[in-house]
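# Notes for the structure review
Now for the letters of each chain:
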Protein chains: 4
Amino acid sequence: MNSFGAKLRLTTFGESHGRGVGCVLDGVPAGLEINEKFIQNELDRRKPGTRTGGTSRQEDDRAEILSGAFEGVATGAPIAIFIANTNAKSGDYDELKEIFRPSHADYSWFMKYGVRDHRGGGRSSARESAARVAAGAIAKLILQTIGAKVESGVAAIGGIEGDIYDFAYAVNSPIFALDPNKEAEQIAAITKAKQDRDSIGAKVKIRVTGVPAGLGEPLYDKLDAKLAEALMGVNAVKAVEIGAGAAAARALASKNNDQTSAKGFLSANAGGILGGVSDGGAIDITAHFKPTPSISRPQRTIDIYGEERVIEIKGRHDGCVGVRGAIVCEAMTALVVADMALVNMGSKIEHIKTIYGSERQ
Amino acid sequence: MNSFGAKLRLTTFGESHGRGVGCVLDGVPAGLEINEKFIQNELDRRKPGTRTGGTSRQEDDRAEILSGAFEGVATGAPIAIFIANTNAKSGDYDELKEIFRPSHADYSWFMKYGVRDHRGGGRSSARESAARVAAGAIAKLILQTIGAKVESGVAAIGGIEGDIYDFAYAVNSPIFALDPNKEAEQIAAITKAKQDRDSIGAKVKIRVTGVPAGLGEPLYDKLDAKLAEALMGVNAVKAVEIGAGAAAARALASKNNDQTSAKGFLSANAGGILGGVSDGGAIDITAHFKPTPSISRPQRTIDIYGEERVIEIKGRHDGCVGVRGAIVCEAMTALVVADMALVNMGSKIEHIKTIYGSERQ
Amino acid sequence: MNSFGAKLRLTTFGESHGRGVGCVLDGVPAGLEINEKFIQNELDRRKPGTRTGGTSRQEDDRAEILSGAFEGVATGAPIAIFIANTNAKSGDYDELKEIFRPSHADYSWFMKYGVRDHRGGGRSSARESAARVAAGAIAKLILQTIGAKVESGVAAIGGIEGDIYDFAYAVNSPIFALDPNKEAEQIAAITKAKQDRDSIGAKVKIRVTGVPAGLGEPLYDKLDAKLAEALMGVNAVKAVEIGAGAAAARALASKNNDQTSAKGFLSANAGGILGGVSDGGAIDITAHFKPTPSISRPQRTIDIYGEERVIEIKGRHDGCVGVRGAIVCEAMTALVVADMALVNMGSKIEHIKTIYGSERQ
Amino acid sequence: MNSFGAKLRLTTFGESHGRGVGCVLDGVPAGLEINEKFIQNELDRRKPGTRTGGTSRQEDDRAEILSGAFEGVATGAPIAIFIANTNAKSGDYDELKEIFRPSHADYSWFMKYGVRDHRGGGRSSARESAARVAAGAIAKLILQTIGAKVESGVAAIGGIEGDIYDFAYAVNSPIFALDPNKEAEQIAAITKAKQDRDSIGAKVKIRVTGVPAGLGEPLYDKLDAKLAEALMGVNAVKAVEIGAGAAAARALASKNNDQTSAKGFLSANAGGILGGVSDGGAIDITAHFKPTPSISRPQRTIDIYGEERVIEIKGRHDGCVGVRGAIVCEAMTALVVADMALVNMGSKIEHIKTIYGSERQ
């Protein structure tokens, strides 16, 4: 359904060309300072219209907090946020009313629901991710209270892959590039794809530092499983790796195992998660984004009557959906880790004695 | 927690060296024939002690159905299955009582719970997957009623990768190899790893055919997200891909998009899932298994007091955990798809009219 | 948390004196006609300012549908509805900032959250029930498609209890009275309580007809258990009965059992639910509302510093919260029954064959 | 489905005349001492064959712990418990194979599932409550660590109601009578009903003391709502009241409100719960049990072909199901309150800082 998380629970709503998109974030601990400026800043990082690789659709993406905060502080009530659509050009989609765009959700969703809001993909549009980013910002505020931090960046555009993961550099890069030496080449690849009426894929890294050991609920809500779910659910993601990821499958244990000294792990192939539970090291996730399926080249497809059609998609689309996607991955990661931090409370009987023992005084 | 699924809901229990492992599968539609022979056969495919790459621990893995079936038919009540441990050699683990095995769940779980059943990893042992396979067998029986089928096989052992995906061949291969031409070389790689007191990783393919279009619940219970969660949660899996997977991130849309003719998709990069919803094509999943972390080479580690130790792990371990892991992936995939088939009922108002309209007569 | 239901899932947000209240209703079957006029009409029935026993706060209670419907039809996406607060008089509450109102949520919520939106009870206000009623209206539209109908009425005001349950009469009664012969006396009791700066309790009946047999999920989501949860969760409800209810505890089985002839049940003590599952008869529920705790008489209480205070509550309050509460009970009942109708699909393997068999053609 | 609870999650399985009944209790905090003797003692309190008002079926009700405890301590893994059926006399039910017993689950469950385990009601039998009691015992052990205690007793048998609620007395009463002065008369009423081939209803009180203020999750997992759900879901319960309950509906606020002095509440009509959240006072619940529907008098009913039949039910049945039901209510109450204690952790940001701040040292 349209909810995610166990104790920190996100519910989103809204469509690309409707009134707007929004979310209800439930389970935010009372007393948390709700820094609206921080939330808006996170939305601005994802905002369309500003970034290489992004769509030219101009949206303010102004977050209105409708509930749950009083005098700047969370009350424990659900926090609802609404982000109005101001620059929807539904007319762009008129000719798509009866046609399924290749590699979009159009066909499969029509088979599921039998009805269709064709305008910009309706509910399936990546525009919904604005709501995820707003909620993710609040998750980050929760994580700050325990000293944990989520960062992201682009490791590769198409086949152009960097060697360096400089998350601090990525913050100010127009494409969130992790490797300063590859940034120009990566930007050029996006530009070329757009010129060719094409789009290009991307590989994104997400890192979480400061996570206490012990987060993740075995055996069916493991931290890595929940991260995989969260990121595979981001539009256009087709693969998720933790730590060494697919490379571990090509390795011997004598190479892949992380041995330990008294000072800590001697390598980090596990990516900060062992047996589905955080081990205190940095959490290392990789998400692979396919190229934006909307391209203006002619493509073969069918319409809702099963007739063959040729389509050239107009509208304003990301040349590389993975760039802005990085920010969405950050948000989803923050939501998962913050949720797990809340859920983990009570895993030891000592937790219970601590909380209720002290409150009983 | 220890449950998985929305309407077809699996709960498992048990430890490697306790009384046994078991499951409760809730939501099995009444009237389904519970073919016990089929369930046992699935367990036999995963069974230790028989297969190249597997542990030499001999377990009967006999499934006892404790509830939920009457005269061979599901009653709608939860189906509980118990698989007793008969060949646990806990003594093998005595010297591990205070030591954390590298790249195992030992350290992170101890940080989480503060107590520990050290015998064979306790709850974190892959032995629990027997319960998954038993439940997965019932999910397969449900899928049979709608003509869907789940298969799996090993695509690569370490770096030795095949070109052919012959799922029928894999069924009878001692390592579930998909490519008959690589099977011998892949077996040799496992054997060599074991001789070297090492272990090796594997890449596994899972395929589901006959899935109706429309399964998967946007936006936070997408079919691909749930599959990623299910498979990343299998012990030792470090990466999951759907369709073209990571390769899509290196591609241009003009190559990666799946165009369509009236006869169907002209390529299958999506892997049978668009916008998180099945598109009627074969579902194509890849899971990457790290090498079994238990090896008998000396490795640096620490104990529960933080002291440095050197460990050489005894016990009976899989030379390549991915081989038997393939069967577990099949089971988890079957559980996800069957669950989604149940959950999807009601996505259209027509479903409701059909069910209650006919029953009202 | 702030969500309710399994497949038809309501999430609400908002406070009495914030921007407004709202809901997200997820799982609405695609293709359902979303009759906005009907939704508004349901809200109008609960609306403050119009009804004997109600508060004099004037609110438009105008429902804005923010998402999930396209051209008047549900798309399968979550339906978000917002109801703005237009007549909040927060000033009325200034002097309550540090005082706990007796028999309100003030004290217990402050102990839970440590922070407080004191204005009109904040999130704990009955104003939130507008969101329930809006969502309940959509649940009723779903139920209409299977011929089921939810009605309610007031059986007693304080000790003044009727003998007749005329649900059709109640629709047009200013206090939703079920017994025309007691209506005047019941209205007088409310009026007197208000004159005495007091308030009075009420007993409400809810009836659902046209429910197919088979709804309710044993053993922990029984239909009666879910109804009890839903109604006990309505503000001010202190007791819930099904069928004969508390009277059954005073009876012998020979009197309480419902015998059956070929034409149906010969009595209806079960209230339409046996073993937690609907039996095809009318579902009969009773909810008992305590008197509105806000009264302007002096009452002893404490403040947030633990100091004793005397309070006389100003503001505009219902003389009998149970009157408008009946409409909220209807809404919650509709949500439960519609949810159970959706959840029940898949209880038989025949359901699955029917849905996927026909779609496969 | 067959699970209950959010963080402390019970899943049960089993039938009256199958292999046995059992449960999986997930979320038990690691480090809790699992006192097996205490668990067995709780089961003995509910055990058939020993108690006035109970069935004469003799069952050992021996609890086998299959998982989740190691060396007497909870490991954080799910605790599975199995209770074998040893005295099932399925032959007693042969003639009921095609007949629906009046006021039992038989008819409605058959309509739902289309198949039937007719032996003793199968899954719908009260025998399943043994699993609830075993799990409830563990919940009580959790509550002990925070100083909370659950007690119960019988307030009325049929119309014979006591004035005194002496929970300590009830422990040793053969019918768990709360009022020593009425006990003999109440026992006589049960005996007479049995002699008359009839059965009788009962009113049960449950009290929880030592509960910290702040438990309960507004707005849809309120403590009173969850208690109502839990108790209405117990076999034969037809009404649930909190605090003053139905009497509050007949009262004026000036009487029903609980005023407060610096020493605490001056009355207890709320029953320890305000706005769905515990207020630190004793929690006071009333459950009303209908008479056991199985009686050996001739009753009119129908069979699975819709034909009229007359039935005289044989087998061994409780003369007053409410007596043993009190113990089941205790167990369900303990599960709800312990779950809420776990869920509440994280309601304040201070909780999070406390837990992770101290562990980070």
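Residues numbered from 1 in each chain as written. Chains lettered and ligands numbered in written order. Predicted model: local features only at pLDDT ≥ 70, side-chain atom pairs only at ≥ 80, totals over all residues. Heavy atoms only, no water.

Moving on: the packing of aromatic side chains. Applying the stated criterion across every chain, the model contains 24 aromatic pairs over all chains. Plain terms: the ring middles of Phe-4 of chain A and Tyr-220 of chain B are 6.0 Å apart, the flat faces sit at 45 degrees to each other, and that makes the pair tilted. Of this pair, Phe-4 of chain A sits in strand 1 (residues 3-4) while Tyr-220 of chain B sits in the loop between strand 10 (202-209) and helix 6 (223-232), which puts the two residues in different chains. Assessed through its relative accessible area of 7%, Phe-4 of chain A is described here as buried. (Phe/Tyr/Trp six-rings, centres within 6.5 Å; stacked < 30°, edge-to-face > 60°. Helix = DSSP H or I, 4+ residues; strand = E, 2+ residues; numbered from the N terminus. Buried < 20%, exposed > 50% of the residue type's maximum accessible area, 1.4 Å probe, protein only.)

There are two copies of the chain, and a rotation about an axis plus a shift along that axis relates them. By a simple turn and slide, chain C fits onto chain D: the slide is 0.0 Å along the axis, the RMSD is 0.0 Å, and the turn is 180 degrees. Between the two chains, the operation in question is that of a two-fold axis. Taking the C-alpha atom as reference, chain C places Glu-229 of chain C closest to the rotation axis, 2.3 Å from it. Same-surface contact between copies: 100% of interface residues of chain C are shared with the interface of chain D. (Least-squares fit on C-alpha atoms with pLDDT ≥ 70 in both. Contact = heavy atoms within 4.5 Å.)

Attention now moves to the sheet that holds strand 4 (residues 63-65) of chain D. Residue and element names in this part refer to chain D. Pairing in this open sheet of 5 strands is antiparallel, and the strands run 1-2-3-7-4 from one edge to the other. Only two strands of the sheet have a single neighbouring strand rather than two, namely strand 1 (3-4) and strand 4. As judged from the 2 bridges shared by strand 1 and strand 2 (residues 9-14), these two strands associate in the antiparallel manner. The partner of Phe-4 across the bridge, within strand 2, is Leu-10. (Pairing = 2+ DSSP bridges.)

Let's shift gears to the pattern of salt bridges. Counting across every chain of the model gives 104 salt bridges over all chains. The closest approach of N and O atoms between Arg-123 of chain A and Glu-128 of chain A, which form a salt bridge, is 4.0 Å. Residue classification places Glu-128 of chain A among the buried positions, given a relative accessible area of 4%. A salt bridge links Arg-45 of chain C to Glu-330 of chain C; the shortest N-O distance between them is 3.0 Å. With a gap of 285 residues between them, Arg-45 of chain C in helix 1 (residues 36-46) and Glu-330 of chain C in helix 8 (residues 321-344) connect regions that are remote in the sequence. Within the structure, one salt-bridge network assembled from shared partners comprises Asp-221, Lys-226 and Glu-229 of chain A together with Asp-221, Lys-226 and Glu-229 of chain B. (Salt bridge = Lys/Arg side-chain N within 4 Å of Asp/Glu carboxyl O.)

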